[in-house]
Each structure stands twice: as structure tokens, then as C-alpha cells.
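Examining the three-dimensional arrangement
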Amino acid sequence: NSRPVNYHLLNKIEQKVLTGLCAYPTITDSELAHLLQIKLSTLTSIKRRLAAQGYYRSIMFPFLNRLGCELLAIIYMQFNPVIPLKQRMETTKKTIEVFDEIFFSVGEEEKGFSISLSQNYTNIGRINEIRTETFGKLGLLEKEYPHEVIFPFETSHIHKFFDFSSFLQNIFELDDVQKISTTPDLFRNTTTVELTPKEKKVYSALVEHPTATTQQIGSLVNLSRHTVARMKKQFFEQGLLHLLILPNLRTIGVQILSFYHISFNPNKAPGVHDLSFLNSPSTIFFASRKFESVLLSAYQTYQDYKEDEMNKIRYLKENNFFSHPPCISTYMFERMEVIKEFDFPPLVNKILGGIS
């Protein structure tokens, strides 16, 4: 199983730090150094170097379920490959990707998918109608409409939301980094919070400038550093914000991203416990509701992908869990285009309603 070259660019300690950052994004450097059993100075210099070399980036993720977003939507489709990817992307950027709800979108020659957060189904339905009409006019949709999979927060479980810690721990073969448990209750809190005009300003600025200091945010929004720090702490405590560390998968030698949409057997839907089997180390995103689930998994080699896929399918078959074979599509990193990558500020501003 020949490992991609880039894999060797990081030494063991660097691999450990990157994994630790992804697993525990919100703890202090000294806590992380203690946890990883390395010197604080070593940790800070590695962290700075990895960020500078583009091995990871930090984003401030807004838990919009607490600000009136009701659902997460995933839309995926197959295309008639006559129209080249570049041309299709130009069209989608002008007509579809302009929607603030879409925060992540990936395309390859004959397929694509996007993930959105939305206040209600009407918004998503509208986007999908425009999408279908746009692609239809171009002659891109030969056989089928775009598929939409809707996960209302109240009735769904988001088991993993772009959590790369077990994936990195697995590919780097690290046994000594403690595993962080996944939280199936991510997004489950749907009691909405009302923010004051000042809080809205700070919240929006934090999402837009995730690595800025409280001092910098303060001067952006004309508030004292202390006020900003107090509000930021409060947003984290209320579950309104979460720091996400996203490793650059290309840089660490990941070759394949795979998309799974599984429809469960109506006579025998798996329980949350049964689903934990699908949550393998390669899985980075995993959402489910009673009769269906969507997973995104990352693999370093085609062989890794086939093994993991076979295990998942076998498990579902043996337990009689699926109604028809899952829809699985693979995206090769060298061929795929990331059209939108964790773009949250426009949606935050839309939901908070015009921040003056």
C-alpha cells in the first residue's frame, strides 16, 4: 500500500500536533502541550509552522441552529458530461453558488454535491428549483433531478461535523493521542437566542475573522477588547460558536473523498447505536435521520477506500438495513474543484438581519 509522498513531510511530533489541534480546537496551547506530552515551546513553533505552510486553517463555525436555522441540506447530482467542468462552474457560480445558504460545494466532471444550512425548507426548495432549471436549460441533467437530503435538526443526528481527529490519528498511526468522543447532540439545541445589535456585530466579525485577536475585532466593531472577549466567551458557552480546525487534505496526501447516501430499510431502521459502525476513522462528516444518512469519508489510497466501503456495505447487508444499494460517489482530489469551502459570513449576516 504505497503511501502518497506528502505523507512523509511531517515528522511524528508534527503529525501529533496536527491531530491534537483537530481533536481539541478550543483548549489552550499549554493544555494541549500537556495532553500531547511535548514542551509548550515545541508546540507553539510547530503550530505556527504548520499554519504558515498551509497544513491547516482555523474557522469559526456558527451554530446557526441557535439563531433560527432549522435544517442542514445536502444536494447531490450526476451530470451529462458533455459540458466541461470549467464551463459548468462558471454557470453555477453566477446562478447557484451565490446563495448564502450553501457553505460547502464540490464538483467533478460528471457529478457534484453541496451542503447548506437553512432557516427553513422553503429556502432550500427555491435554491433547488433554480438549480434544476439552470442545469436543465444547459442540457446537463440527462436522467435525473438533483437529489436533496434534508436533516431537520430536531429530528436528526449530526454525528460528525468535519471532525478530522480520528481520520488523522488513523493515517498517522498514532496510538497515544487520546480519542475525542463524537457528540451526536451537535446541533440538537434548537432554542433560539436573541442577540443585541452589539452582539450581532461581534458575532459576525468573529465568524469573518476567525484568527483575529479580541483587540483586532474590537477595533473593527468599535468596542473595547474586554467587551469583545466577554461576548466571545459567552458565545462559546451558549453553543453559538465553535472553533473548527481543518487540515489541508491535499497537502497531507489524501487522494479520495467519497460521498455516501444511504436509504434505510423502512421495516428495519437502524438505531443510533447501530449507526456507530458507519462512523469509521475515515469518516469526517456523518448525518442521519430515521430512514437515511449521508457520510463523507477521506482516503489516502483507492485500496483504503475499497476496504472501508466493503465493510460498510457488508455491515448494512448482514443487518438487512438498506432498502436499495447506497448511492456512493468518489471524488479524486486531483480532479475535483472545491467551489465553496466553509463560507459562513454571508449566511450569518443574512440570518442576523443586516448588521449596521
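Predicted model, so just to flag it, every value in this text is computed and none were measured. (Residues numbered from 1 in each chain as written. Predicted model: local features only at pLDDT ≥ 70, side-chain atom pairs only at ≥ 80, totals over all residues. Heavy atoms only, no water.)

**Remarks on the environment of Ser-293**
In plain terms, the rule: Each helix corresponds to a stretch of at least 4 residues labelled H or I by DSSP, and each strand to a stretch of at least 2 residues labelled E; elements are numbered beginning at the N terminus. For every residue, the accessible area obtained with a 1.4 Å probe (protein chains only) is divided by the maximum for its type, and the residue is called buried under 20%, exposed over 50%, and partly exposed between those limits. Contacts are residue-level and defined by heavy atoms, with any inter-residue pair within 4.5 Å sufficient.
Along the chain, Ser-293 falls in strand S10 (residues 292-299). On the basis of relative accessibility, which here comes to 0%, the residue Ser-293 falls in the buried class. Sequence spacing of Ser-293 and Pro-326 is 33 residues, and the spatial spacing of their C-alpha atoms is 9.8 Å. Setting aside chain neighbours within four positions, we find Ser-293 in contact with Phe-151, Tyr-260, His-261, Ile-262, Phe-264, Leu-278, Phe-286, Ala-287 and Ser-288.

**Quick word on empty space enclosed by the protein**
For clarity, the cut-off: Site definitions follow a grid-based scheme: protein atoms alone, a 1 Å grid, a 1.4 Å probe that fits but cannot get out for cavities, and for pockets an open set with protein on both sides within 12 Å along at least five of seven lines, plus lining residues having an atom within 4 Å of a point. Grid points are joined across faces, edges and corners, and a volume is the space filled by probe spheres set on the points. Classes in brief: Ala, Val, Leu, Ile, Met, Phe, Trp, Tyr, Cys and Pro nonpolar; Asp, Glu, Lys and Arg charged; the others, Gly included, polar.
Per the stated rule, a full pass over the model turns up one cavity of 30 Å³ or more. Roughly 90 Å³ of internal volume is contained in the largest cavity. Looking at the largest cavity, it is lined by 15 residues, and the ones nearest its centre are Phe-79, Glu-97, Ser-105, Val-106 and Ile-339. For the lining of the largest cavity, the class distribution of residues is seven nonpolar, five polar and three charged.

**So, the sheet that holds strand S4 (residues 111-118)**
Defined as follows: Here, strands pair whenever DSSP counts at least two bridges between them. For helices, the fitted line uses only the C-alpha atoms of the stretch in contact; every axis is such a line through C-alpha atoms, and the angle between N-to-C directions lies from 0 to 180 degrees.
One open sheet accounts for five strands, arranged S5-S2-S4-S3-S12; its pairing is antiparallel. If you trace the sheet from one side to the other, it starts and ends with strand S5 (147-152) and strand S12 (337-341), each paired once. Geometrically, the sheet is characterised by an average inter-axis angle of 10 degrees between neighbouring strands, direction not taken into account. As defined by bridge partners, strand S2 (residues 71-78) adjoins S4 across eight bridges and the pair is classed as antiparallel. Within S4, the residue paired with Leu-72 across the bridge is Leu-117. Sitting on the sheet, helix H4 (residues 85-95) is in contact with strand S3 (102-108), S4 and S12, with an inclination near 15 degrees to S12. Taken strand by strand, helix H5 (residues 121-137) contacts S2, S3, S4 and S5, and its axis lies near 15 degrees from that of S2.

This is a description of form; function is not addressed.
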